[in-house]
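This is what each chain is made of:
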Amino acid sequence: MKKVLVLHGVNLNMFGKRDPAQYGTITLEQIDEEIKALASELGFAAECFQTNHEGEMVEKIHWAHEQKIDAVVINAGAWTHYSYAVMDALGILKVPIVEVHMSHVHAREKFRHYSVIAPLARGQISGFGVNSYLLGLRAAWELIGDHD
Ligand code: DQA
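Computed from a prediction, not measured in an experiment: that's the story for all the values here. (Residues numbered from 1 in each chain as written. Predicted model: local features only at pLDDT ≥ 70, side-chain atom pairs only at ≥ 80, totals over all residues. Heavy atoms only, no water.)

Draft legend 1. A look at the pairing of strand β4 (residues 97–101). Of all 5 residues making up β4, 5 are buried, and the element is well covered by its neighbours. Across the two faces of β4 the burial is the same, with Ile97, Glu99 and His101 and Val98 and Val100 all buried. In this region the chain leaves strand β3 (residues 71–77), passes through helix α4 (residues 84–92) and returns to the parallel neighbour β4; the handedness of that crossover is right-handed. (Buried < 20%, exposed > 50% of the residue type's maximum accessible area, 1.4 Å probe, protein only. Helix = DSSP H or I, 4+ residues; strand = E, 2+ residues; numbered from the N terminus. Right-handed = clockwise from strand over helix to strand, strands pointing away.)

Here it is in structure tokens:
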């Protein structure tokens, strides 16, 4: 069975508690449940991982490379805007990467308009809350192809 790794970066464990005007009230646990439900509906497996530690995120991406994960969906949180370490780790992957954001980053502060990981991603989905993840998952599914 094909497997997609969904990565949540720094501060994203606080969804449901932080800045509801931007991120709503859904918790990360609920987001992961929706991701897993859609993955099983589409016929593949999704593993979700969150960390607040940049090195741990980098190591999980290395792990994805070793494990031959079929695609990666990533919301890198604030690392999106400046982490060359996460960017370089993603650059090792040969599988499709989809970048997602809950909030509409391009309608927010200027520093959020730039993503160091965007050039490595096949596309970016931002502004649709939990649906950004679900749309990202569908995009990953399309990119993996070979559906049975
Ligand atoms: C975010 C947007 C980032 O700018 C921010 O630092 C986050 C969350 C989002 O999902 O909208 O932590 O990635």
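Draft legend 2. Here's a closer look at unusual backbone geometry. Positive phi outside glycine occurs at Asn11, with the angle close to 75°. A positive phi angle, near 35°, is found at Asp19, a position not held by glycine. With respect to the helices, strands and loops of the structure, Asp19 is situated in the loop between β1 (3–10) and α1 (20–23).

Draft legend 3. Here's a closer look at the site of the ligand. Every residue lining the ligand is accounted for by Leu12, Arg18, Tyr23, Asn75, Gly77, Ala78, His81, His101, Met102, Ser103, Val105 and Arg112. One of the side-chain N or O atoms of Arg18 is found 3.1 Å from an oxygen atom in the ligand. In the environment of the ligand, an oxygen atom lies 2.8 Å from a nitrogen or oxygen atom belonging to the backbone of Met102. Protein chains shield 98% of the accessible area of the ligand, which is 320 Å² for the free molecule. (Near = heavy atom within 4 Å. Polar contact = N/O pair within 3.5 Å; in protein donor to acceptor, adjacent residues only side chain to side chain. Areas by Shrake-Rupley, 256 points an atom, 1.4 Å probe, with all protein chains shown as cover.)

Draft legend 4. A look at the side chain of Ser103. Examined against the element boundaries, Ser103 turns out to sit in the loop between β4 and β5 (123–126). Polar contacts involving the side chain of Ser103 include one to the side chain of Arg108, which spans 2.8 Å.

Draft legend 5. Seen up close, helix α5 (residues 130–144). Taking 1.5 Å of rise per residue, 15 residues should cover 21 Å, and α5 covers 21 Å from first to last C-alpha, within 8% of that figure. For α5, the full list of buried residues reads Val130, Ser132, Tyr133, Leu134, Gly136, Leu137, Ala140 and Ile144. Against the buried residues of α5 lie β1, α2 (28–42), β3, β4 and β5. One or two residues past the end of α5 sits Gly145, with phi positive at roughly 65°. (Expected span 1.5 Å × (residues − 1). Contact = heavy atoms within 4.5 Å.)

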